[in-house]
Amino acid sequence: DGGITQSPKYLFRKEGQNVTLSCEQNLNHDAMYWYRQDPGQGLRLIYYSQIVNDFQKGDIAEGYSVSREKKESFPLTVTSAQKNPTAFYLCASSIGSTGELFFGEGSRLTVL
Amino acid sequence: ELKVEQNPLFLSMQEGKNYTIYCNYSTTSDRLYWYRQDPGKSLESLFVLLSNGAVKQEGRLMASLDTKARLSTLHITAAVHDLSATYFCAVETGGGADGLTFGKGTHLIIQP
């Protein structure tokens, strides 16, 4: 089945450690996105990529990094520079011609 | 900066009642999206509204878009418990592939 796979679903990290969240899609979508959701809040855009080997910062990119070496994959690294990384992270993709986003199941990161 | 405001942010209602959730946005856009999120889960696409006057209906939910007023509504008819969830509206941030800007969400509880 076509879809977006995020892993891991749950992740615990000690302060000062970098962690990488995986996002893979087999929808053949050109554009991919990372959003962060905090309790009781809407979604905020971290990074997005419209084509392979290119990506743009969203509203809250500080403390995060991404790569887009393959069309199917858009991993997100949460670095130790991110001051408050505990959150629910959602990866999404879109065809690009419209803005409709299709979401993965999410990764919940907790910093201990 | 694009702002998307939903109201109410929290709504508790009884089964069988009707209610409307409002979504206002600050810049011109012809496209608006509604999503549903169940607790601890990802976002599921409900409606894609692509032009002024667009109206979409699915079961007890109906969404409409007035681009001149920069307003979308999500109307719930004869609510049932299964509709309890958080509902988000979202507007295209720029072009089709620049991502969406989300409202904070409306947390809807429907009580028997």
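What you are looking at is a predicted structure, and each value in this text was computed from that prediction instead of being measured. (Residues numbered from 1 in each chain as written. Chains lettered and ligands numbered in written order. Predicted model: local features only at pLDDT ≥ 70, side-chain atom pairs only at ≥ 80, totals over all residues. Heavy atoms only, no water.)

Enquirer: Whenever I open this one, the pattern of salt bridges confuses me. Can you help?
Expert: Between side chains of opposite charge, pairing is possible as soon as their charged atoms come close. Counting across every chain of the model gives six salt bridges over all chains. Where Lys71 of chain A meets Asp30 of chain A, a salt bridge forms, and the shortest distance between an N and an O atom there is 3.3 Å. With Lys71 of chain A in the loop between β7 (64–66) and β8 (76–78) and Asp30 of chain A in the loop between β3 (19–25) and β4 (31–37), this pair connects stretches of sequence that are 41 residues apart. What makes Lys71 of chain A partly exposed here is its relative accessible area of 24%. Overall, the relative accessible area of 37% leaves Asp30 of chain A in the partly exposed class. Lys3 of chain B is paired through a salt bridge with Glu1 of chain B; the nearest N and O atoms lie 3.9 Å apart. (Salt bridge = Lys/Arg side-chain N within 4 Å of Asp/Glu carboxyl O. Helix = DSSP H or I, 4+ residues; strand = E, 2+ residues; numbered from the N terminus. Buried < 20%, exposed > 50% of the residue type's maximum accessible area, 1.4 Å probe, protein only.)

Enquirer: Got a minute to help me understand the environment of Ser93 of chain A in this structure?
Expert: All names here are of chain A. For Ser93, the position within the fold is in strand β9 (residues 87–94). Take Ser93: its relative accessible area is 0%, and that puts it in the buried class. Considered as a pair, Ser93 and Phe103 are ten residues apart in the sequence and their alpha carbons are 6.7 Å apart. Ser93 has contacts with Ile4, Gln25, Leu27, His29, Ala31, Met32, Tyr33, Glu100, Leu101 and Phe102, leaving out every residue within four places of it along the chain. (Contact = heavy atoms within 4.5 Å.)

Enquirer: Can you walk me through the interface of chain A and chain B in this structure?
Expert: Accessible area lost on assembly of the parts is the figure often given for the size of an interface. In this assembly, 23 residues from chain A lie in contact with 20 residues from chain B. Across the chain A/chain B interface, buried area totals approximately 1700 Å², and carbon plus sulfur atoms make up 51% of it. Linking chain A with chain B are zero salt bridges, by the criterion used here. Remark: the boundary between chain A and chain B carries ten residue pairs in polar contact (both at pLDDT 80 or more). Residue assignment for the side of chain A that touches chain B shows that the elements contributing at least two residues are β4, β5 (43–51) and β9 of chain A. Here the side of chain A that touches chain B is built from residues that sort into ten nonpolar, ten polar and three charged. (Buried area = accessible area lost by both parts, 1.4 Å probe. Polar contact = N/O pair within 3.5 Å; in protein donor to acceptor, adjacent residues only side chain to side chain. Nonpolar A, V, L, I, M, F, W, Y, C, P; charged D, E, K, R; others polar.)

Enquirer: Got a minute to help me understand a nonpolar patch on the surface in this structure?
Expert: All names here are of chain A. On the surface, a nonpolar cluster with roughly 400 Å² of combined accessible area is contributed by Tyr10, Phe12 and Leu112. Relative to the helices and strands, Phe12 is located in strand β2 (residues 10–13). The exposed category is assigned to Phe12, whose relative accessible area is 55%. (Patch = residues over 30% accessible without salt bridge, like charges linked within 9 Å, V, L, I, M, F, W, Y side chains within 5 Å. Areas by Shrake-Rupley, 256 points an atom, 1.4 Å probe, with all protein chains shown as cover.)

Enquirer: Help me understand the packing of aromatic side chains in this model?
Expert: The geometry of an aromatic ring pair comes down to the distance between the two centres and the angle between the two planes. This model, assessed by the stated rule, comprises nine aromatic pairs over all chains. Summarising the aromatic geometry, the rings of Tyr35 of chain A and Phe103 of chain A are spaced 6.2 Å apart at their centres and angled 55° between planes, so their arrangement reads as tilted. A residue pair is termed long-range when its members are at least 10 positions apart, and Tyr35 of chain A in strand β4 and Phe103 of chain A in strand β10 (residues 102–103) qualify at 68 residues. Just as Tyr35 of chain A is buried, Phe103 of chain A falls in that class too. With a centroid separation of 5.8 Å and 45° between ring planes, the pair formed by Tyr35 of chain B and Phe102 of chain B is classed as tilted. With Tyr35 of chain B in strand β4 (residues 32–37) and Phe102 of chain B in strand β10 (residues 100–102), this pair connects stretches of sequence that are 67 residues apart. The same class applies to Tyr35 of chain B and to Phe102 of chain B, which are both buried. Through successive ring pairs, a cluster of aromatic residues spans Tyr35 and Phe103 of chain A together with Tyr35, Phe88 and Phe102 of chain B. The ring of Phe88 of chain A carries Arg108 of chain A above its face, with NZ or CZ at 4.3 Å from the centroid. (Phe/Tyr/Trp six-rings, centres within 6.5 Å; stacked < 30°, edge-to-face > 60°. Lys NZ or Arg CZ within 6 Å of the ring centre and 35° of its normal.)

Enquirer: Would you mind going over the side chain of Arg36 of chain A with me for this structure?
Expert: Inspection of the secondary structure assignment puts Arg36 of chain A in strand β4. A distance of 2.8 Å separates a polar atom in the side chain of Arg36 of chain A from a polar atom in the side chain of Tyr64 of chain A.

Enquirer: Just to check I follow, could you spell out the state of the cysteines for this structure?
Expert: The bond known as a disulfide is covalent and runs between the sulfur atoms of two cysteines. All told, the structure shown has two disulfides over all chains when counted by the stated rule. The disulfide that involves Cys23 of chain A links it to Cys91 of chain A, with 1.9 Å between the sulfurs. Between Cys23 of chain A and Cys91 of chain A, the S-S torsion sits near -75°, and that sign places the bridge as left-handed. Linking Cys23 of chain A in strand β3 with Cys91 of chain A in strand β9, this pair joins segments that are 68 residues apart in sequence. Classification of Cys23 of chain A as buried rests on a relative accessible area of 0%. Cys23 of chain B shares a disulfide with Cys89 of chain B; S-S distance 2.0 Å. Across the S-S bond linking Cys23 of chain B and Cys89 of chain B, the dihedral sits near 80°, which makes this disulfide right-handed. Here Cys89 of chain B lies in strand β9 (residues 85–92) and Cys23 of chain B lies in strand β3 (residues 19–25), a separation of 66 residues in the sequence. What makes Cys23 of chain B buried here is its relative accessible area of 0%. (Disulfide = S-S within 2.5 Å.)

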